Amino acid sequence: MMSSSFVERPRYTCALGGAMATVTALPGAIPLLHTPGGCAGNITWTQNGACGLQAGGYCGGLTVPSSNVEQKDVVFGGVDRLKEQIGNTLDVMEGELYFVLTGCVTEVIGDDVRGVVGEFQGKGVSLIFAETGGFKGNSYYGYDQVLQSLFKNFVQQGVKKIKGRVNVWGIAPYLDVFWRGNLEGLRLVLEKVGLEVNTFFTAADSLEGIRQAASAELNIVVSDIYGVNAAAVFEEVHGTPYLTTSLPVGPAATDHFLRQVEAALSLNHSQVEEIIARENHVYYQYLEPLVDSYNDFDLQRYSIVVGDGNYAPSITKYLADDLGWLPELVVITDQLEDELKERLASRFRGLESGLQPAVVYETDTSEIISHFNRHWPRNKSQKYYNSFSPAFVVGSSLDRELALALGAAHLSVSFPVANRAVLDRGYTGYRGGLHLAEDLLSAAVANR
Amino acid sequence: MSYFDGKVPPIREDRLKACITYGGTICGLKKKAGGCCFNDGERGFTQGSICLLLPGIAILNSIPDSVVLLHGAIGCGSCAHSQNANVRSGNVQRGGKVKDALWMSTALNENDVINGGETKLEEAIREADRRYRPASIIVVAGCVPGIIGDDVDGVAAKLQPQVNAKILPVHCEGFKTKIWATAYDAVYHALGRNLLEEPEEILPIIPDEIADLKEKYYLERTVNIMNVSSMGRVDELELDRLLRSLGLEVNFFPNFVHPEDIYKVTRAALSISTCPTHDDYFLKYLEEKFGIPYIARHMPIGINNTSSWIRDVAAFFGLEQQAEELIANEVAELEEALGEFKKVFQGKKVYVSAGEMRALANSSLLTELGFEVMGIRAFHHDEFAEVEYEKLTEGGAKDYPLNIANAQPFEEVNLLKRTKPDLFIGHWHSNTTAAKLGIACHVAYNTGLSYIGYQGVYEMARRLYRYLKNPAFNKKISKNIRLPYTEKWYESDPFKYIKTLGGEE
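Per-chain numbering applies: the sequence of each chain, read as written, is numbered from 1 onward. Chains and ligands are labelled sequentially in the order written, the chains with letters from A and the ligands with numbers from 1. Residue-level local features of this predicted model are given only where pLDDT is at least 70; pairs of side-chain atoms are given and counted only at 80 or more, and the full residue set underlies all totals for whole chains, interfaces and linings. To get the side-chain values, all heavy atoms of the structure are used, and hydrogens and water are removed first.

### Some details on the packing of helix 14 (residues 320-345) of chain B against helix 19 (residues 453-469) of chain B
Residues and elements named next belong to chain B. Stated formally: For helices, the fitted line uses only the C-alpha atoms of the stretch in contact; every axis is such a line through C-alpha atoms, and the angle between N-to-C directions lies from 0 to 180 degrees. Helix and strand definitions here come from DSSP, where helices need a minimum of 4 consecutive H or I residues and strands a minimum of 2 consecutive E residues; each element is numbered from the N-terminal end. Roughly parallel means an angle under 35 degrees; roughly antiparallel means over 145; roughly perpendicular covers 65 to 115; every other angle is labelled oblique. By definition in these notes, contact holds between two residues if any of their heavy atoms fall within 4.5 Å. Residue polarity is assigned by list, with Asp, Glu, Lys and Arg as charged and Ala, Val, Leu, Ile, Met, Phe, Trp, Tyr, Cys and Pro as nonpolar; anything else, Gly included, falls into the polar class.
Where helix 14 meets helix 19, the closest approach of the two axes is 10 Å, and the angle between their N-to-C directions is 5°. With respect to helix 19, the element helix 14 is oriented roughly parallel. Between helix 14 and helix 19, the contacting residues are Ile-327, Glu-330, Val-331, Leu-334, Ala-337, Leu-338, Glu-340, Phe-341, Val-344 and Phe-345 on the first element and Tyr-454, Val-457, Tyr-458, Ala-461, Arg-462, Leu-464, Tyr-465 and Leu-468 on the second. Tallied by class, the residues present in the contact of helix 14 with helix 19 amount to 15 nonpolar, no polar and three charged.

Spelled out as structure tokens, the structure:
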């Protein structure tokens, strides 16, 4: 069982890591780390090993300005160094928004970052900050902190709400390795029902669009966990209500998602139903030529789903209700408070297929096999044994050893994804369901 | 008193007067040799870099049958997600089985920062011992315990009698040193203090004198080769091949060595480094404590460097003549094979970036291949590189820019705009700038690829030929992607932000 004194191979990095990735993903933004020199490198190497070959961006990796505080700053404080660094960053780095992020060291020594940033803001510089010391939380916390700061300090207040305009978040850049494709997938689906969508982090987004984000009539957070606090802050500052949903992967979940959005925005019911019908038609047209192979090649699989709080329920629902697989064990790898555990657990109740997979919360990769052994009876030298086969593990690249031990095929979806190249691929929406079917079935027939 | 008697090794700023800041030319640096830092080592503008924790755990994650317990906030050491690829392939190449690295984090939170993390660390060590039954638990301390004052060595000493695993405290508090090469000292320090004791010998009932003689003979011809973690199995095999052909035995150390085999490093006849700045701290200790002489001079990258490296080892064993025969044969064969590539490389301009020894050795190699070196960026500077600067400036060779910088791509981008090379050789995550300028790039190390020895020269040439033959990927990137620097910066002095003290430079 999970240890309380350590986390084995954490499937996230620190608050700063999430924050740096998030700022790097903002169009034209320059992160500025107020940390020792090594933090940027640790985060960058994490990305090259865990984010489907995506590391850095416009200003990421070892290009990010960093105050590189050291021993003497720990003793005397790092405020002067930060002032110097910000001033010179404005001369050297071309950006539309500069974003100071603190780390463990500068938080513990108590540098007055707010004061320094305030001085520059007074001079009309587009500069904001977030407190992202690593000991304050993991990378999802950092993602949330950056959004909160953006909503409080960058998004213009008092703008008129425009009907049909929505903001979408809940997908943390790089931590959800398929962030760009997933955000695009949501945009496509929402545009179909006539909405205008701001997704913050894709090539279609701009800082100007983000500045006008308060003109949206609704914020849609496609997560039960990530970015939810930021949505509350947004509502407080700008008066925009928010809807939290699970990450919609595949037709069953996307049908439900669109109906939730319809209800929240009082969209035209028959129009939404018409679009749902049309999108399902397209999805199943694509699936039609797969029918023979699915059935003839015996492509149904027992499955173990290992993933973060977004993917674990979403992939499970897709496997159970769209692909007709048999998810038996679901492992959620986030560290969560009981209340959030309960909220996530409810996502597994009422699957259309009637399946009731066992759901466990486990951060430690090497413990997953024990959960499986408790769940599935072992072969006690029986001639006739109902084995966990044919099997599939949908997880991260850390779950390859589990798949190997079970003789199962494997696909990395949840962070870390070391063994795939990811660019615009995404699993959200109807198209995303097709992508996921392609990737799962490709892995299943890889040795054919 | 040895450095190894202390709990923590000295930082390299103190021990070697190593520095990370210089902007000038290669001849300029040579003239100042011995003086090392010419200023206070500061910049008024800096970019992110790495700290000693990264190279530290790159080595430690490779140690089999062990767990790396990071004592720090939850992100410290998440770079292991990248290093895991090396551990997986390294294990396959050495043992035939895929095995992931096993690391964990005490994930210190706000409460621990206030109340201290020692209790959590104690529990973590006990739990790791019980759960994984490892041969060693390597406790790596990051910045947070360094600031809040956790006594990591005290915890290790207290817990040692209670657990089966050997506990190795390693100090990697990133804010304490700017020289990330201090990592090697930190790792060697931990191995040297904890794992060098020979296991008790079990005397055979019937003495076997022939076996004893055989072992003695074997050990008298055994060379420790210090295998830096950026060196893959393919490079080890090349050095193994070369020394074996002189009739020598090789013991690679410390990457991928089981904790129970670490002590074997104390039984060899000679130690040889493949990167002097990597190994000096430990080699000196092996000599002092165990009487094992060492050589730390050349990096076996490039034709002449490889030959010099072999000659040094051969001279120690009185094998000069065999070595000359080997070298003559190898070099002749290699030169012939390089012919087709050299024609393409002749007169092409190259800019080189890496750790100092590697950057300089690569520059020698590239010169041998026919390239013209336009500039060098080395991550830090210390005394070990002086011999390499000698080689590069020999016989009034052309002078060119030298930048000592712990990455700092803003200085590099400015220099690249001026020097306009055809090819850039860079460390991981250092090729991005040149790539976005449309320059053909190749990575200065990658543990899957061959770099070392004569084989390394050929394989490197083959790869450079490929990237020069079709640099379309980077060229297209440069036409569609912009770098995040102001136009004003490109026109500024590249070393504008280097602060100079004492009237130097």
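From this point, the narrative continues.
### Section: the packing of helix 11 (residues 250-265) of chain A against helix 18 (residues 429-444) of chain A
Residue and element names in this part refer to chain A. Test applied: Handedness of a helix crossing follows the sense of rotation of the near helix relative to the far helix, less than a right angle counterclockwise being left-handed and clockwise being right-handed.
The N-to-C vectors of helix 11 and helix 18 enclose an angle of 165°; their axes lie 8 Å apart at closest approach. The angle between the axes of helix 11 and helix 18 places the two elements in the roughly antiparallel class. The two elements helix 11 and helix 18 cross, and the hand of that crossing is right-handed. Contacts from Gly-250, Pro-251, Thr-254, Asp-255 and Leu-258 of helix 11 reach helix 18 at Gly-429, Tyr-430 and Gly-433. Of the residues assigned to the contact of helix 11 with helix 18, the class counts are three nonpolar, four polar and one charged.

### Let's talk about the interface of chain A and chain B
To keep things clear, this is the line we draw: Summed over both partners, buried area is the accessible surface (1.4 Å probe) that two parts give up on being assembled. Salt bridges, as used here, are contacts in which a Lys or Arg side-chain nitrogen is within 4 Å of a carboxyl oxygen on Asp or Glu. In protein, a polar contact means a hydrogen-donor-capable atom and an acceptor-capable atom, both N or O and within 3.5 Å, with residues adjacent in sequence counting only if both atoms are side-chain atoms; elsewhere, any N or O pair within 3.5 Å suffices.
At the junction of the two partners, chain A supplies 69 residues and chain B supplies 70 residues. It is Phe-6, Trp-45 and Val-92 of chain A that lose the most area in chain A upon contact with chain B, and together they represent 14% of the buried surface on that side. Our count for the chain A to chain B interface comes out at seven salt bridges. For Arg-131 of chain B, the salt bridge goes to Glu-8 of chain A, with nearest N and O atoms at 3.5 Å. Summed over the shared surface of chain A and chain B, the result is 37 residue pairs in polar contact (both at pLDDT 80 or more).

### Topic: the sheet that holds strand 8 (residues 242-244) of chain A
Residue and element names in this part refer to chain A. Selection criterion: At least two DSSP bridges between two strands are required for those strands to pair.
In space, the four strands of this open sheet follow the order 6-5-7-8, with parallel pairing throughout. Bordering the open sheet on either side are strand 6 (196-198) and strand 8, each of which pairs with just one other strand. Pairs of neighbouring strands in the sheet enclose a mean axial angle of 25°, with direction left out of account. In this structure, strand 5 (residues 165-169) lies alongside strand 7 (residues 218-221), joined through four bridges in parallel fashion. Note on strand 7: the bridge partner recorded for Val-166 is Leu-218. Contacts between helix 10 (residues 228-238) and the sheet are confined to strand 5, strand 7 and strand 8, with strand 8 contributing the most and set at about 165° to the helix.

### Some thoughts on the packing of aromatic side chains
Condition: Whether two aromatic rings pair depends on their centres lying within 6.5 Å, for rings of Phe, Tyr and Trp, where Trp uses its six-membered ring; planes under 30 degrees apart make the pair stacked, over 60 edge-to-face, and the rest tilted. Between buried and exposed lies partly exposed: a residue is buried under 20% and exposed over 50% of the maximum accessible area for its type, with that area taken using a 1.4 Å probe on protein chains only.
A complete count under the given rule lists 40 aromatic pairs over all chains for this structure. Between Tyr-283 of chain A and Tyr-284 of chain A the ring centres are 4.8 Å apart and the planes differ by 75°, which places this aromatic pair in the edge-to-face class. Residue classification places Tyr-283 of chain A among the buried positions, given a relative accessible area of 2%. Between Phe-4 of chain B and Tyr-285 of chain B, the ring centres sit 3.7 Å apart and the planes meet at 10°, which makes this aromatic pair stacked. Placement of the pair is Phe-4 of chain B in the segment before helix 1 (12-15) and Tyr-285 of chain B in helix 12 (residues 276-290), with a sequence separation of 281 residues. Residue class for Tyr-285 of chain B comes out buried when judged on its relative accessible area of 8%.

### Structural notes on the nonpolar core
Inclusion rule: For the purposes of this section, nonpolar cores are sets of buried Ala, Val, Leu, Ile, Met, Phe, Trp, Tyr and Cys residues that join through side-chain atoms within 4.5 Å.
Core analysis: the biggest nonpolar cluster contains 133 residues, and Phe-99, Leu-101, Leu-150, Trp-169, Leu-190 and Leu-440 of chain A have the highest contact counts within it. Every residue in contact with Leu-150 of chain A, bar those within four places of it in the chain, is listed here: Leu-26, Leu-97, Phe-99, Ile-128, Val-155, Phe-200 and Ile-210 of chain A. Membership of the second largest hydrophobic core comes to 70 residues, among which are Leu-239, Leu-360, Leu-423 and Ala-444 of chain B.

### Here's the deal with the layout of surface pockets
The criterion, for reference: Cavities and pockets were defined on a 1 Å grid built over protein atoms only: a cavity is a set of grid points that admits a 1.4 Å probe from which the probe cannot escape, a pocket is an open set flanked by protein on both sides within 12 Å along at least five of seven lines, and lining residues are those with an atom within 4 Å of any such point. Grid points are joined across faces, edges and corners, and a volume is the space filled by probe spheres set on the points.
Put simply, the largest pocket is a space of about 2000 Å³. Surrounding the largest pocket, 50 residues form its lining, Leu-53 and Ala-55 of chain A together with Thr-432, Lys-436 and Phe-473 of chain B being those nearest its centre. Those elements that place two or more of their residues in the lining of the largest pocket are helix 1 (15-25), helix 2 (38-50) and helix 8 (179-192) of chain A together with helix 18 (432-436), strand 14 (440-443) and helix 20 (472-480) of chain B. Taken together, the residues of the lining of the largest pocket sort by class into 24 nonpolar, 20 polar and six charged. Estimated volume of the second largest pocket: approximately 950 Å³. Gly-137, Asn-138, Gln-335, Leu-336 and Glu-337 of chain A are, among the 35 residues lining the second largest pocket, the residues nearest its centre. At the level of elements, helix 7 (139-153), helix 10 and helix 15 (338-346) of chain A are the ones that each hand at least two residues to the lining of the second largest pocket. Per-class residue counts for the lining of the second largest pocket are 14 nonpolar, twelve polar and nine charged.

### A short note on helix 15 of chain A
Residue and element names in this part refer to chain A. Formally: Here, the arc refers to the directions that run from the helix axis to the C-beta atoms.
Buried within helix 15 we find Leu-340, Leu-344 and Ala-345. Viewed end-on, helix 15 has its buried residues packed into an arc of 140°, placing them on one side of the element. Facing away from the buried side of helix 15 by over 90 degrees, the exposed positions are Asp-338 and Glu-339.

### Focus: the domain arrangement of chain B
Residues and elements named next belong to chain B. Test applied: Here the limits of each domain have been adopted from an automatic or database domain assignment.
As assigned here, chain B comprises domain 1 (3-14 + 50-194), domain 2 (209-321) and domain 3 (339-491). Taking only C-alpha atoms, the centre of domain 2 and the centre of domain 3 are 29 Å apart. At the junction of the two partners, domain 2 supplies 27 residues and domain 3 supplies 24 residues. Summed over both sides, the interface between domain 2 and domain 3 buries roughly 2200 Å², with carbon and sulfur atoms accounting for 64% of that surface. Counting the surface domain 2 buries against domain 3, the share from its top three residues, Ser-230, Thr-277 and Ile-301, is 25%. Across the contact surface, domain 2 and domain 3 share zero salt bridges. Along the contact surface separating domain 2 from domain 3 lie twelve residue pairs in polar contact (both at pLDDT 80 or more).

### Considerations on the domain arrangement of chain A
Residues and elements named next belong to chain A. Examined at the domain level, chain A breaks down into domain 1 (15-153), domain 2 (165-268) and domain 3 (297-417). The gap between the C-alpha centroids of domain 1 and domain 3 is 36 Å. In this assembly, domain 1 packs against domain 3 so that about 450 Å² is buried in total across both faces, 51% of it on carbon and sulfur atoms. Where domain 1 touches domain 3, the interface holds zero salt bridges. In this structure, the connection of domain 1 to domain 3 is made through three residue pairs in polar contact (both at pLDDT 80 or more). The element contributing the most residues to the side of domain 1 that touches domain 3 is helix 2, with three residues. In the side of domain 1 that touches domain 3, the residues fall into three nonpolar, four polar and no charged.

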